[in-house]
Amino acid sequence: MKRIALMYHDIVAAKDFASSGFAGADADIYKLEAARFSEHLKAISDEKIAAVSAFEPESESANIFITFDDGGRGAIEHAAGILEKHGWRGHFFIATDRIGMDGFVNEDEIKELDARGHIIGSHSASHPLRFSSIGRGKMLDEWRTSRSILSEILQKEIRIASVPGGHFSNEVAETAEESGIEVLFNSEPVADVYSVGKCRIFGRYTIKQNTSAAEAAAISRGDLAPRLRQFALWNAKKAAKKAGGEAYVTIREKIFNRKGRK
Ligand SMILES: [Zn+2]
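Residues numbered from 1 in each chain as written. Predicted model: local features only at pLDDT ≥ 70, side-chain atom pairs only at ≥ 80, totals over all residues. Heavy atoms only, no water.

Here's the deal with the coordination of the zinc ion
Around the zinc ion, the donor atoms from the protein are Asp70 (OD), His123 (NE2) and His127 (NE2), and they sit 2.1 to 2.2 Å away. Mapping the donors of the zinc ion onto the primary sequence yields the spacing D-x52-H-x3-H. Here Asp70, found in strand β5 (residues 63–70), pairs with His123, found in the loop between β7 (119–122) and α5 (136–154); they are 53 residues apart in sequence, far enough to count as distant. The class of Asp70 is buried, set by a relative accessible area of 5%. The class for His123 is buried, based on a relative accessible area of 1%. (Donors = N, O, S within 2.8 Å, 3.2 Å for Na, K, Ca; no water. Helix = DSSP H or I, 4+ residues; strand = E, 2+ residues; numbered from the N terminus. Buried < 20%, exposed > 50% of the residue type's maximum accessible area, 1.4 Å probe, protein only.)

Some thoughts on unusual backbone geometry
With a phi angle near 60°, Lys15 is a residue other than glycine that sits in the positive phi range. Within the fold, Lys15 resides in the loop between β2 (11–12) and α1 (25–28). In this model, Asp70 sits at a positive phi of 100°, which is unusual for a non-glycine residue.

Some details on the layout of surface pockets
Of the pockets and cavities examined, the largest pocket occupies roughly 700 Å³. Of all the secondary structure elements, the ones that give two or more residues to the lining of the largest pocket are α1, β5, α8 (224–244) and α9 (246–257). With 7 residues, α8 is the largest single contributor of residues to the lining of the largest pocket. Its residues assigned to classes, the lining of the largest pocket comprises 14 nonpolar, 10 polar and 11 charged. (1 Å grid on protein atoms, 1.4 Å probe; cavity = no way out; pocket = protein on both sides within 12 Å on 5 of 7 lines; lining within 4 Å. Points joined across faces, edges and corners; volume = space filled by probe spheres on them. Nonpolar A, V, L, I, M, F, W, Y, C, P; charged D, E, K, R; others polar.)

Thoughts on the environment of Ile120
Looking at the element boundaries, Ile120 is found in strand β7. Take Ile120: its relative accessible area is 4%, and that puts it in the buried class. Once the C-alpha coordinates of Ile120 and Ala161 are considered, the two residues, 41 residues apart in sequence, prove to be 8.4 Å apart.

So, the packing of helix α3 (residues 74–85) against helix α4 (residues 107–115)
The geometry of α3 relative to α4 is characterised by a closest axis approach of 10 Å and an angle of 15° between their N-to-C directions. As summarised for this structure, α3 and α4 are arranged roughly parallel, according to the angle between their axes. Where α3 crosses over α4, the handedness of that crossing is left-handed. Contacts between α3 and α4 involve Ala75, Ile76 and Ala80 from the former and Glu109, Glu112 and Leu113 from the latter. (Axes fitted to C-alpha atoms, helices over the stretch in contact; angles between N-to-C directions. Parallel < 35°, antiparallel > 145°, perpendicular 65-115°, else oblique. Left-handed = near helix turned anticlockwise from the far one by under 90°. Contact = heavy atoms within 4.5 Å.)

Okay, here's the thing in structure tokens:
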């Protein structure tokens, strides 16, 4: 089975990249201005493609999943409202250690997103950047902690998650499944869906600050060219990460864990 999912992060007001999510130039690359996000949705909608929930059964009509990582405030300030104009709902994956912190949604806002019909999921608790290397025990802990925090806030079982940092392995999926996750999005740019135990694993295509509406629509349509480009880039990066090892991760961790915002 093939499904297309788009991976967004933060949606922000014009030039206000520091207002939502993780701080720093490295994170800003993945943030979209609200006007650009509106253009994306219009272009996707013009293709007669709808954004649906990953829990909805497959249907004949063309549809995709729109997902947002990290839990930045842009979810409530921009993303949800723009999706709703099309009658669509998004998947918002929250790194629970950040709830209520500067730039991130708080408990009431998570409740509001849920009440408006959006899907709330875990993005781990502490957002480890090299999730696949933290060991089975810690993985389980990250999934269980974040899942129980969100389940407590929303007073219902949270069964969906996305993997932080892009590092994925079978163990990441197995531990998510063991903690009760039934739908897991990673960052592999693929459309093939498979299962690990009772958990379904979906890949996602990355959307960046300068991704055009035409490209977002082409990916949503299932066009091969933009998807193969991402796949090639992904594999090149994977090889670089392997070769660079610790150095690569240390720099990323410094950027992501930086306290304070500009
Ligand atoms: Zn993330």
